[in-house]
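# Report on the structure
Spelled out, the chains give:
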Amino acid sequence: MPNILEVSALNRYVRSLFEGDPFLNDIAVRGEISNFYRNHKTGHCYFSLVDAKNSVKAVLFSREAQRLGFRPADGMDVVARGRVSLYERDGAYQLYVDALFEQGQGEQKLAFELLKEKLAAQGLFSPDHKKPLPPLVNRIGLVTSKTGAALQDILQVSQRRNPCVSFLLALVSVQGDSAASEIAAALKAVDALALDVIILARGGGAAEDLSAFNDERIVRSIYDAKTPVISAVGHEIDFTLADFVADIRASTPSAAAELAVADVREKLRAKEILCREIGRNIHKKWNLCYNEIRGFRRHASFAMFQNKMSGYSAQLRQLSLSIERAQHQKLQALGKDLQAAALLAESLNPYGVLARGYAVVEKEGKALRSAKETQKGDLLTLRLADGSLQTEVMEVYPRGKGTKDE
């Protein structure tokens, strides 16, 4: 004889079957929105997802609806992520939506969210793993495109804040099919050089332009790096998985340079203020002693100490003048050191060397260091300050042999 159940018991049992199925607890469904309705009092959204043959009811609660970046409407193709369960009162199953994506962007956003959840569960975004920046940065690895504005922005800001900081450039593609593999390899190579910090930078762009920085290979390269990594990808409103795993996220490439490079001018000004404050405190102490001495004059015993106190007063004034002269000399020395460092940095600027008429000779993308590395017929690139030339080797002459014209 079959079991006799009340309707409520049956619906409760069927609901438990739905909720006990792991496949139905996290599922993504593609379809077209139909019969969309939003309850203005509760904020909950009710609709159906339909395809050419069937439909399924769906509900998007107000909390999730407030996070949407678009306004759902009938006829819109979407991808809905959520869980399947039974609404006991009506005995009808439906999709409880946690996230809703527009068609076309839905698959990409869903893949982003799934990978983000996976990496977060593995601890790659944990604050406990993030490394602090060193207090003084001298050598920076910069992974970026050679044609983007991010490179020049970072170099200009760094030069202004501290001309003594040096950069090791790893120039890569920042979008396209090969970008992710190039960036991941560059991060590993730069990390092996034991620099002070690494900046991963790219200027702004559309979401698809930044998609390379959501690649799992880049995320794991940043996580495995022993060197602190600053992520400076896109604009302030743009977020990629590289931002979540990096030790520090900068809103722009220029902001990354400001985070990494200390402003030596501010430090010098702080020392100057400190020296002046010390001088003012000395004067205050001197005035206090002087006032106390004036009070002592009212006592009959002051006369016997007057000569001795006058000597102390003279010594104190001399000490104050000596300290002021020492402060002035120290500030002058610091200024000369900074000027010398700036001149040295400018002399080492490779762009300045090219501007004086020199060129960098490259073969297959690598700089030539010897005539023995090439032979007749090779195609070479001559990189000048304002462009490059393509040339062919007609002859190779060892040192001292001269040319045919000689």
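An account of the accompanying structure is given in this report.

### Considering the pattern of salt bridges
Taken as a whole, this structure holds 15 salt bridges when the rule is applied. Taking the shortest distance from any N to any O, the salt bridge between arginine 89 and aspartate 90 comes out at 3.1 Å. Aspartate 90 sits in the partly exposed class, given a relative accessible area of 49%. When the shortest N-O distance is used, the salt bridge between glutamate 216 and lysine 118 registers 3.3 Å. Linking glutamate 216 in helix 7 (residues 216-224) with lysine 118 in helix 4 (residues 106-121), this pair joins segments that are 98 residues apart in sequence.

### Points about the packing of aromatic side chains
As enumerated under the stated definition, the model contains six aromatic pairs in all. Between the aromatic rings of phenylalanine 18 and tyrosine 93, the centroid separation amounts to 5.7 Å while the plane-to-plane angle is 20°, which identifies the pairing as stacked. In this pair, phenylalanine 18 is assigned in helix 1 (residues 7-19) and tyrosine 93 in strand 5 (residues 92-102), connecting sequence segments 75 residues apart. On the basis of relative accessibility, which here comes to 19%, the residue phenylalanine 18 falls in the buried class. An aromatic cluster of at least three residues, connected via ring pairs, comprises Phe125, Phe239 and Phe244.

### Examining the sheet that holds strand 7 (residues 166-171)
The pairing of strands in a sheet comes from backbone hydrogen bonds and takes either a parallel or an antiparallel form. One open sheet accounts for five strands, arranged 7-6-8-9-10; its pairing is parallel. The open sheet terminates on both sides in strands that have one partner only, identified here as strand 7 and strand 10 (248-249). Pairing analysis gives two bridges linking strand 9 (residues 229-233) to strand 10, with the strands arranged parallel. Considered in strand 10, the bridge of serine 231 is made with arginine 249.

### Let's talk about the sheet that holds strand 4 (residues 77-87)
The mixed closed barrel is built from five strands, whose spatial order is 1-2-3-5-4. On average, each strand axis in the sheet is inclined to that of its neighbour by 55°, with strand direction left out of account. As defined by bridge partners, strand 1 (residues 27-38) adjoins strand 2 (residues 45-50) across five bridges and the pair is classed as antiparallel. Across the sheet, serine 34 pairs through a bridge with serine 48, a residue of strand 2. Its contacts with the sheet put helix 1 on strand 4 and strand 5, and the angle it makes with strand 4 is roughly 135°.

### Considering the pairing of strand 11 (residues 360-363)
As paired elements, strand 11 and strand 13 (residues 379-384) share three bridges and run antiparallel to each other. Paired with valine 360 across the strands is arginine 383, a residue of strand 13. Counted along the chain from strand 11 to the antiparallel partner strand 12 (residues 366-367), the turn is two residues long, and its residue glutamate 364 has a positive phi close to 55°.

Parameters at a glance
Residues numbered from 1 in each chain as written. Predicted model: local features only at pLDDT ≥ 70, side-chain atom pairs only at ≥ 80, totals over all residues. Heavy atoms only, no water. Salt bridge = Lys/Arg side-chain N within 4 Å of Asp/Glu carboxyl O. Buried < 20%, exposed > 50% of the residue type's maximum accessible area, 1.4 Å probe, protein only. Helix = DSSP H or I, 4+ residues; strand = E, 2+ residues; numbered from the N terminus. Phe/Tyr/Trp six-rings, centres within 6.5 Å; stacked < 30°, edge-to-face > 60°. Pairing = 2+ DSSP bridges. Axes fitted to C-alpha atoms, helices over the stretch in contact; angles between N-to-C directions. Contact = heavy atoms within 4.5 Å.

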